[in-house]
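These are the residues of each chain, in order.
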Amino acid sequence: MPPKPKFTRAEIVNAAFEITRETGIDSVAARTLGARLGATTSPIFTFFSNMDELKRAVYDKAKHVCLDYLRCCLDFTPAFKEFGLRYVRFAVEEPHLYRLLFASHPLYATRAAEMMKEYAELTDQLLPDIRTQFSLTAEDAAELFQHMLTYASGIIVSVANGYCDFSETNLAQQLGTACLGTVFLLKARNGVLDPAAARTMANSAGILPLRTQKNVPGNTVGGDIISIIK
């Protein structure tokens, strides 16, 4: 009888995952993994036909870790705002996992346009909430989601390169302002922008309350928007 494998498949994946977490997916090689396990490379290929298959298993594990982290946004109100904050926080706290999931080789990385499908377990719960908060159609809610992913990804790149260093409060305001601006654009494009709903939308997006404007001649919707995003 052949000898019983010294390590289980899960133990090999976990070791490769920890290497990825520490130094990135490109550091996962048969030799480095064998050294981490304190064994030869033979146990690896007992369970995986090649390293790409193992790396895919690491990707799947990283995706579950990320999903668990993001899913906690559903415990907050508004959930969509907390999702944006957690998306940026995950990139800051787990930079190598973020790169694997969202900014690495196309064999693995999920693009913004694909995230609603890849993370449907979460986004299917977020999108109805977005529609309700901002009175949007299903199509516009999906567009807002993708816009905010793109904006948040830009913040992540800026932080990673040392260009910006956002506090938690400032990050919330930045995301809220971008969210509200996009909502106004979508509504203006569809001809349904209602100035009376501006305060509600501002609160939902986490922006500071609308400042009262007194004695402003010709006060218009544009004036309301400016007073919110300043």
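The model shown is predicted, which means the values in this text are computed figures rather than measured ones. (Residues numbered from 1 in each chain as written. Predicted model: local features only at pLDDT ≥ 70, side-chain atom pairs only at ≥ 80, totals over all residues. Heavy atoms only, no water.)

Novice: Is there a simple way to explain the overall build of the chain in this structure?
Specialist: From N to C terminus, the chain includes 12 helices and zero strands. Across the 230 residues in the chain, those meeting the buried criterion constitute 43%. Restricting the contact set of the chain to residue pairs at least 6 apart, pairs at least 24 apart contribute 60%. (Helix = DSSP H or I, 4+ residues; strand = E, 2+ residues; numbered from the N terminus. Buried < 20%, exposed > 50% of the residue type's maximum accessible area, 1.4 Å probe, protein only. Contact = heavy atoms within 4.5 Å.)

Novice: What am I meant to see in the confidence of the model for the chain here?
Specialist: Reading predicted coordinates in detail is not appropriate for stretches of low pLDDT. A residue-level look at the chain finds 79% of positions with pLDDT of 70 or above and a mean pLDDT of 81. Confidence drops under pLDDT 50 across residues 208–230; counting only partners more than four residues distant or on other chains, this segment forms 25 contacts. (pLDDT = per-residue confidence, 0-100.)

Novice: Would you explain the side chain of aspartate 140 in this entry?
Specialist: Note on placement: aspartate 140 falls in helix α9 (residues 138–160). Classification of aspartate 140 by relative accessible area gives buried; the value is 6%. Only 3.1 Å separates the side chain of aspartate 140 from the side chain of arginine 189, close enough to count as a polar contact. A polar contact is formed between the side chain of aspartate 140 and the side chain of asparagine 190, at a distance of 2.6 Å. (Polar contact = N/O pair within 3.5 Å; in protein donor to acceptor, adjacent residues only side chain to side chain.)

Novice: It is not clear to me how the nonpolar core should be interpreted in this structure. Could you clarify?
Specialist: As a rule of thumb, nonpolar side chains are buried together in soluble globular proteins. One finds Leu33, Leu54, Phe83, Tyr87, Ile130, Leu144 and Phe145 to be the most contacted residues of the largest nonpolar core, which totals 63 residues. Per element, the largest residue contribution to this core is 10 residues, and it comes from helix α4 (residues 51–71). (Core = buried A, V, L, I, M, F, W, Y, C linked by side-chain atoms within 4.5 Å.)

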